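# Inside the fold
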Amino acid sequence: MFVEIIDVIISGMINGSVYALMAVGLTLIYGVSKAFNFAYGSFYSMGGYLAWMIFSVAVINSYFIIFILSIPVLLVLGYLIEKVLVAPLRKRDDWEIKVMMITLGLALLLDNSYQVLFGARMKSLPSILEGSLEIGEFILAYQDIVIFILSIGGILLFRWFLNNTRTGMSVRAVAQNPAGAQIVGIPKEFVFSATFAISTVMVGTGGILLAQKYFVTPTGGWDILVKAWVITAFGGMGSIKGSLYAAFILGMLEAFVGWYFGMTWVLIALFAVLLTTLAIRPQGLMGKWG
Amino acid sequence: MDMDWKRNSQLLMIIFGIIGIMPLFFGSTNFIMHILIMCLIWSVVASCWDLIMGFAGIFSFGQVAFFVIGSYASAIISAKFSVPPIFAVILAGFVAGFLGVLVGLPCLKLKGAYIALVTFAVHMILEPVLKGDIGRAIGTGGSRGILTIAPMNILGYTFNSSDPVPYFYLMFFLAVASSFIILAVIKSHWGDAFLALKDSEQFATCLGVSAFKYKLIVFALTSFITGMIGGFYAHYVGMLSTRMLGIDLFVTLMVILVIGGVGKFPGAIVGSFITIALNEMLSPLGSYRPIILGAMVIVLVLLLPDGIVGLIQKIMPKKKSGKSLIA
């Protein structure tokens, strides 16, 4: 029993760390540009498929090279999608709903393209690091440790980027006050595109990391979109710190509910918690209105 | 306002007049009649979605969920309690309406993307619920779905899906009725209240417009109509599965709204006929169809900002009264 509970806590921590990486990406776009990206889950699958392609087509067996190769692809793709699809909509009155619609269309387009290109069968990736750490009764796979470290590392890197680079600081400025940022000469349009691109990279790398634990499927991203969405709403949309806490709380909740009641209850439990939270605190844990 | 109401109802009558005579040409082709019936069904669902999203400004993404809830509810009520389908359908409407209010309640405190999340959440959890233990206990048949549903029966006349013309006129009657209800809502003081709330919620509430009341009413009304039409759908097709909850149908409905124009009411009806017909034409393409559907959303959102109705408005400039041809 005790060992099992520790196992559940560990798996909750590991899932929580990857969810944190992906939820931060989602909350970033919302916080900066108030746009909501329905295709977010499809970028998760894209990460997985990119890694799979590099593995099986290019026969490269190093995760280091996979990250080096796929991150620029995701970055450029995210940037272009924002520039071509989302940016032209911003001038309209009802752009919020139109952005949701266009990204939903994009999600359908991408998911079914994966299906046509790669087939409906699940793709699996080799483990990033074989073997496991055994302390007494506990077994901790090295793979999980690496996933945890890389996710946390990714978030720390992102934090460093926001606080210490010029682009990062302009991202924060636009999030705080778009008009003010524009007055002092920050290129708002570029910041919108850049944040979209960064968030694409975050969810895509999340996809690469989780693809080795779970599988890559054409529609696997929806689960992730919903979870990342629940996490950001729970933590407060636009609040990065809130998303971090929320990711670990909900990752834990998921692990415990999945272990005790079964996986079918996970989504229901997540929504129950979210609805209760929103009923009491409509802005989420750490969000602000506006 | 009166002029507007008159013009819009005239427009609706023209649209439905054209639809109503279609069986004269296609009545003998069951395949086309089936498509026309589906067009009518989706036109109602899309119009409801337009009412809640386009007019009331509530980003509800739960419309397909309420449709599925209504269809399952009607199938289960008619099978388990041997209620005649026509009453089961109305009860299903009330089930969906009640759930709509239940979902609407937390949404009233929320804004934009949060409402989209909560309502889409209903959509996302519906599948595991219907497939899981809870669903099986109610009688959804789990992942197999419900395979036999009693056909619609009104006053002793049984509608048979192999004879589609009576079915067509049943759905036609429903579509006409719900369209005029929706038009009445849009053109009544409710519609003005929605418009005021959408433009500036703070100012509207200061003037004494109750956001709470109107938003809850629109949730109840749209989910009631959507659930009821879902019930009619269930008795028409005779079987149900959770496949309807796939993102495919959801996006198809969205294409209807994009083509028709968001917040351009009779547009959704025209949009549904164009979209469903187009979708049928694309079906030989198999798995490429959803790709084209997705690409269509993208292109149409970018190029057709206000749908077909908006395009017509642009081509035919506004009358000098300042009021547009179609509100």
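Since this is a predicted model, take the numbers as computed values, not measurements. Here the residue numbers are simple positions, counted from 1 along each chain's written sequence. Lettering for chains starts from A, numbering for ligands starts from 1, and both go in the order in which the items are written. Local features in a predicted model are, by the rule used here, given only for residues with pLDDT of at least 70; side-chain atom pairs are given and counted only at 80 or more, and totals for whole chains, interfaces and linings are based on all residues.

## So, the overall build of chain A
Worth spelling out the cut-off: Elements are defined by DSSP. Helices are runs of H or I of four residues or more, strands are runs of E of two residues or more, and each kind is numbered from the N terminus. For the radius of gyration, the atoms used are the C-alpha atoms, and the globule rule reads 2.2 Å times the number of residues raised to 0.38. Residues are called buried when their C-beta atom has 20 or more other C-beta atoms within 10 Å, exposed when it has 12 or fewer, and partly exposed otherwise; all C-beta atoms are positioned from the backbone.
For chain A, the helix and strand inventory stands at eleven helices and two strands. Moving toward the C terminus, one meets the helices and strands of chain A in the order α-α-α-α-β-β-α-α-α-α-α-α-α. In terms of C-alpha radius of gyration, chain A reaches 19 Å, essentially the compact-globule figure of 19 Å for 290 residues. With respect to the principal axes defined by its C-alpha atoms, chain A has extents near 60 × 50 × 35 Å. Burial analysis of chain A (290 residues in total) assigns 50% to the buried set.

## Here we look at the UniProt feature "transmembrane region" (unreviewed entry) in chain A
Residues and elements named next belong to chain A. So the rule is basically this: UniProt positions are given in the numbering used here, feature names are shortened, and annotations may be inferred rather than shown by experiment.
Feature annotation in UniProt places "transmembrane region" (unreviewed entry) on residues 12–32, 52–80, 101–120, 140–162, 190–212, 224–250 and 257–280, given in this structure's numbering. When the span residues 12–32 is considered, its composition is 100% helix and 0% strand, and the gap between its end C-alpha atoms is 29 Å. As annotated, residues 257–280 has a helix share of 88% and a strand share of 0%, and its two end C-alpha atoms lie 22 Å apart.

## A look at the interface of chain B and chain A
Where we set the bar: A pair of residues counts as a contact when their C-beta atoms, built from backbone coordinates, are within 7 Å of each other. Throughout this entry, Asp, Glu, Lys and Arg are counted as charged residues, while Ala, Val, Leu, Ile, Met, Phe, Trp, Tyr, Cys and Pro are counted as nonpolar. The remaining residues, Gly among them, count as polar.
Taken residue by residue, the interface counts 34 residues in chain B and 33 residues in chain A. Of all the secondary-structure elements, those providing two or more residues to the side of chain B that touches chain A are α6 (112–131), α12 (247–260) and α14 (289–303) of chain B. If one sorts the elements of the side of chain B that touches chain A by residue count, α6(B) sits on top with eleven residues. Its residues assigned to classes, the side of chain B that touches chain A shows 29 nonpolar, four polar and one charged.

## With respect to unusual backbone geometry
A positive phi angle, near 60°, is found at Lys34(A), a position not held by glycine. Looking at Lys34(A), the number of C-beta atoms within 10 Å reads 19, which means it is partly exposed. Located in the positive-phi region is Ser82(B), a residue other than glycine, with phi close to 40°. Along the chain, the position of Ser82(B) falls in the loop between α4 (63–80) and α5 (85–107).

## Comments concerning the pairing of strand β2 (residues 138–141) of chain A
Residues and elements named next belong to chain A. Stated precisely, the cut-off is as follows: Here the rule is simple: two strands pair whenever DSSP picks up at least two bridges between them.
Taken together, the four bridges between strand β1 (residues 132–135) and β2 define a ladder with antiparallel strand orientation. Across the sheet, the residue bridging to Glu134 is Ile139, located in β2. Taken together, β1 and the strand that follows it, β2, pair antiparallel across an intervening segment of two residues, in which Gly136 is found at a positive phi of about 60°.

## Focus on the UniProt feature "transmembrane region" (unreviewed entry) in chain B
Cross-referencing UniProt, the feature "transmembrane region" (unreviewed entry) maps to residues 12–45, 51–74, 86–106, 112–130, 167–186, 216–237, 249–278 and 290–312 of chain B in the present numbering. When the span residues 216–237 of chain B is considered, its composition is 100% helix and 0% strand, and the gap between its end C-alpha atoms is 31 Å.

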